[in-house]
Amino acid sequence: MSAPTPFWPDYPVIDDPARPVWHFGPPAQWMNDPNGTLWHDGWYHVFYQHNPGGEEWADIHWGHGRSRDLVHWEHLPLALLPQRASGEAHCYSGCTALDAGGTPRILYTSVQAEAGRPGTQVLASPTDAGLLGWNQDVAAPILELATHGGPAFDGAWRDPYVFRTEGRTFLVLGARLGEESVIALYENPDGGLRRWSYRGIIHRAPITETVFFECPNLFQLGEKWLLLTSPVREAEWASGTLDLTTYTFHTERRGRVDESDSYYATQTIVDPSGRTVLVGWVQRFPKGRGWNGRLSSPRRIWLDAAGDLCAAPAAELAALRSAEKVFPALSLGPAPTSLDLPGDHLHEVELTLKRDPAATVRCEIAGVVIAIGPDGVRFNDRPPVAHATGEANGLAVARVSRPVNENHRDKHGSGDPCHIADRVHWLLDRSMIEIFVNDRAVYTRVVPFPSTPVAQLTASGGYARLLAARAWALRPAPPVMGF
């Protein structure tokens, strides 16, 4: 089978003041799941689900971009195109992995045009050292339901993700088995990524609770294993242990990756320093604008001592900063305190708040209300993503209780060691905001544009103070056409 010819779609020219200008996305049209993220030969690569012919989901290809620094991106030719001659209708989600010889390979779910025919898992190989062209071996799938060696999944069987441990190579994917949604595990014996043996089901839930485990990611993070899923609701994480004797994953802690349903379909990159970088698809932009969908900003992720997921914007994003503005410390009360922010609708803000355990501090920016208090953290009018635990220093994110880290507690300045210091960090890119509270509660949302670029803070129920605040205007970093 000959390699696909790289090509540029005839994208329309988009002049939309609401379109984000430093979050990565295609020049126009539809984007959904990030796929196949990797670090290779000095480049961060991101592939993604893409309809080059329209701004709604249809005719799914894989788009492709690369970056030296996670900030400035270069558009590359489309990587995967539906192979019509082989009956392929869509190239669904998947991953990239290095084979035993160190060559990157794409593994993805191939969906056939024939009605009722189940998808297959397909391998694609690069045609050049720059990973610009790819040869999709649709005619010789690496996994088919009829011969996969496992139970009779009902046809919903997709989104392969490869990981390695103890010198062994494994793959997980989502599936439906009777009245359950499951994550199935396979093993490759030689690192060549072509032959796979079914090993079992490592995670399951009744379909009345979870419709499907889309885009499962399973990898080691520190001393624990982390399972990320997109279960047709907010993306979720579970940390615990992986037993490769019994092929079981044991959940010890769990929560939401992001508290918003605008964030979905995770992928990770491990760079040469060993840092794990997370990206996701940001959705729910208005229709009819010639584009739809963006990637989140890259996030550094880690597990704390309790095994809970933590996240912060990647340090490289600081390269976008300009025009720093520092605000004085001040007391907060029921009357709104306004912070006049630089950068209009492109800015970044870091706040440190001091409060006693009974106080609630509210911050409103771009139509999003962040409330931090004795009942935890709330965004807008959603149920709390953190709730009371019976401890004055308790923080519970996504219904998992944990103590606030000691460095969040202020033991100086107020004379009261029970005061709590909270950190709020957000990044606004026109119609898109990402908010981080204490590196734990994260919220991504599409916001109205234009919105008022002023933050308003209020406090009630006890002592509260803005301890420190810095803000920066952010420069645009629109992707450029490469190749």
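Scroll up for the structure.
The notes below deal with the structure included here. (Residues numbered from 1 in each chain as written. Predicted model: local features only at pLDDT ≥ 70, side-chain atom pairs only at ≥ 80, totals over all residues. Heavy atoms only, no water.)

**Some points on the overall build of the chain**
Short version of the rule: Only runs of H or I of at least four residues qualify as helices and only runs of E of at least two qualify as strands under DSSP, and these elements are numbered from the N terminus. Only C-alpha atoms enter the radius of gyration, while the globule expectation follows 2.2 Å times N to the 0.38, with N the number of residues. Note on contacts: a residue pair is in contact if any heavy atoms of the two residues lie within 4.5 Å. Surface accessibility follows the Shrake-Rupley procedure with a 1.4 Å probe radius. Residue values consider only the protein chains on display as shielding. None of His or the chain ends enter the tally, which takes Lys and Arg as positive and Asp and Glu as negative. The location of each charge is read from NZ of Lys, CZ of Arg, CG of Asp or CD of Glu.
Looking only at helices and strands, the chain features 0 helices and 37 strands. The C-alpha atoms of the chain give 23 Å as radius of gyration, which agrees with the globular expectation for 483 residues (23 Å, within 12%). C-alpha extents for the chain along the principal axes are approximately 70 × 55 × 40 Å. Excluding contacts between residues fewer than 6 apart, the proportion of contacts in the chain whose partners are at least 24 apart in sequence is 58%. With an accessible surface of roughly 18300 Å², the chain has 50% of that area assigned to carbon and sulfur atoms. Placing the 44 positive and 54 negative side-chain charges of the chain at their respective mean positions leaves the two points 2 Å apart.

**Things to note about the packing of aromatic side chains**
Keep this limit in mind: Here a pair means two rings of Phe, Tyr or Trp (six-membered ring of Trp) with centres within 6.5 Å. Their orientation is stacked below 30 degrees between planes, edge-to-face above 60, and tilted elsewhere. Any residue under 20% of the maximum accessible area for its type is buried, any over 50% is exposed, and the rest in between are partly exposed; the area is computed with a 1.4 Å probe on protein chains only. Charge-over-ring contacts are defined here by two conditions on Lys NZ or Arg CZ: a distance within 6 Å of the ring centre and an angle within 35 degrees of the ring normal.
Tallying each qualifying case throughout the model produces 14 aromatic pairs. Seen from their ring centres, Tyr186 and Tyr198 are 5.5 Å apart, and the 65° between their planes marks the pair as edge-to-face. Residue Tyr186 is located in strand β11 (residues 180-188), and its partner Tyr198 is located in strand β12 (residues 197-206); the two are separated by 12 residues in the primary sequence. Given a relative accessible area of 0%, Tyr186 falls into the buried group. Among the residues examined, Tyr198 registers a relative accessible area of 22% and is labelled partly exposed. Chaining the aromatic ring pairs together yields one cluster made of Phe47, Trp62, Tyr108 and Trp134. The cationic tip of Arg68 hangs over the ring face of Trp43; the distance from NZ or CZ to the ring centre is 3.8 Å. Lying over the aromatic face of Trp472, Arg321 brings its terminal NZ or CZ to 3.8 Å of the ring centre.

**Brief notes about the environment of Trp39**
With respect to the helices and strands, Trp39 occurs in strand β1 (residues 29-40). On the basis of relative accessibility, which here comes to 29%, the residue Trp39 falls in the partly exposed class. In sequence terms Trp39 and Leu353 are 314 residues apart; their C-alpha atoms lie 37 Å from each other. Trp39 has contacts with Tyr44, Ile269, Val270, Asp271 and Pro272, leaving out every residue within four places of it along the chain.

**Examining the side chain of His64**
Test applied: What qualifies as a polar contact is a pair of N or O atoms within 3.5 Å, subject to a donor-acceptor requirement within protein and to the restriction that residues adjacent in sequence count only when both atoms come from side chains.
When you line up the elements, His64 lands in strand β3 (residues 61-67). Using a relative accessible area of 1% as the deciding quantity, one classes His64 as buried. In terms of polar contacts, His64 uses its side chain to reach the side chain of His45, at 2.9 Å. If near-sequence neighbours (up to four positions away) are discounted, His64 is found in contact with His45, Val46, Phe47, Tyr48, Glu74, His75, Leu76, Pro77, Ala79 and Leu131.

**Comments concerning the pattern of salt bridges**
Let me state the cut-off plainly: Salt-bridge detection follows one rule: a side-chain nitrogen of Lys or Arg within 4 Å of a carboxyl oxygen of Asp or Glu.
All chains considered together, the criterion is met by 26 salt bridges. Among the salt bridges present, the one from Arg321 reaches Glu350, with a minimum N-O distance of 3.6 Å. Residue Arg321 is found in strand β23 (residues 321-327), and its partner Glu350 is found in strand β26 (residues 346-355); the two are separated by 29 residues along the sequence. When its relative accessible area of 25% is taken as the criterion, Glu350 is described as partly exposed. When salt bridges that share partners are traced, they join Arg321, Glu324, Glu348, Glu350 and Arg470 into one network.

**A few points about the state of the cysteines**
The following threshold applies: By convention in this document, the label disulfide applies to cysteine sulfur atom pairs within 2.5 Å.
Tallied over the full model, the rule gives 0 disulfides. Take Cys91: it sits in no disulfide, and the sulfur closest to it among the cysteines is that of Cys95, at 14 Å.

**Some points on the nonpolar core**
Here is the rule we go by: Residues grouped as a nonpolar core are buried Ala, Val, Leu, Ile, Met, Phe, Trp, Tyr and Cys residues, joined through side-chain atoms within 4.5 Å.
Judged by nonpolar contacts, the single largest core of 60 residues is most densely connected at Leu107, Phe163, Tyr186, Trp196, Leu218 and Leu226. Phe163 has contacts with Arg168, Thr169, Phe170, Val172, Leu185, Leu218, Trp225 and Leu242, leaving out every residue within four places of it along the chain. Formed by 32 residues, the second largest nonpolar core is a distinct cluster that contains Leu339, Ile435, Ala455 and Leu466.

**Some words on the pairing of strand β33 (residues 432-437)**
For the record, the criterion: Here, strands pair whenever DSSP counts at least two bridges between them.
By the criterion of burial, β33 is predominantly enclosed, with 6 of the 6 residues buried. Going residue by residue along β33, you find Met432, Glu434 and Phe436 tucked away on one face and Ile433, Ile435 and Val437 tucked away on the opposite face as well. In this structure, the hairpin formed by strand β32 (residues 420-429) and β33 is closed by a connection of 2 residues, where Arg430 is found at a positive phi of approximately 60°. Where β33 lies against strand β34 (residues 441-446), 6 bridges are found, and the strand directions are antiparallel. Paired with Val437 across the two strands is Ala441, which belongs to β34. Counting the residues that bridge the hairpin from β33 to β34 gives 3 residues, and of these Asn438 lies at a positive phi of roughly 55°.

**Description of unusual backbone geometry**
Put simply, Phe449 and Pro450 share a cis peptide bond, and its omega is -5°. Assignment of secondary structure puts Pro450 in the loop between β34 and β35 (454-460). At Arg284, a residue that is not glycine, the phi angle is positive and equals roughly 75°. Tracing the backbone through its elements, the reader meets Arg284 in the loop between β18 (276-282) and β19 (291-292).

**Section: the environment of Val21**
Assignment of secondary structure puts Val21 in the segment before β1. Spatially, the C-alpha atoms of Val21 and Arg465 are 34 Å apart, while their sequence positions differ by 444 residues.

**Looking at the sheet that holds strand β10 (residues 168-177)**
Where strands meet in a sheet, backbone hydrogen bonds hold them as pairs that are either parallel or antiparallel. The criterion, for reference: Between the N-to-C directions of two axes lies an angle of 0 to 180 degrees, each axis being a line fitted to C-alpha atoms and, for a helix, fitted only over the stretch in contact.
Overall, antiparallel pairing links the 4 strands, which are arranged β9-β10-β11-β12 in an open sheet. Looking at strand neighbours, the two that pair on one side only are β9 (157-165) and β12, the edges of this open sheet. Between one strand axis and the next, the sheet turns through 25° on average, direction left out of account.

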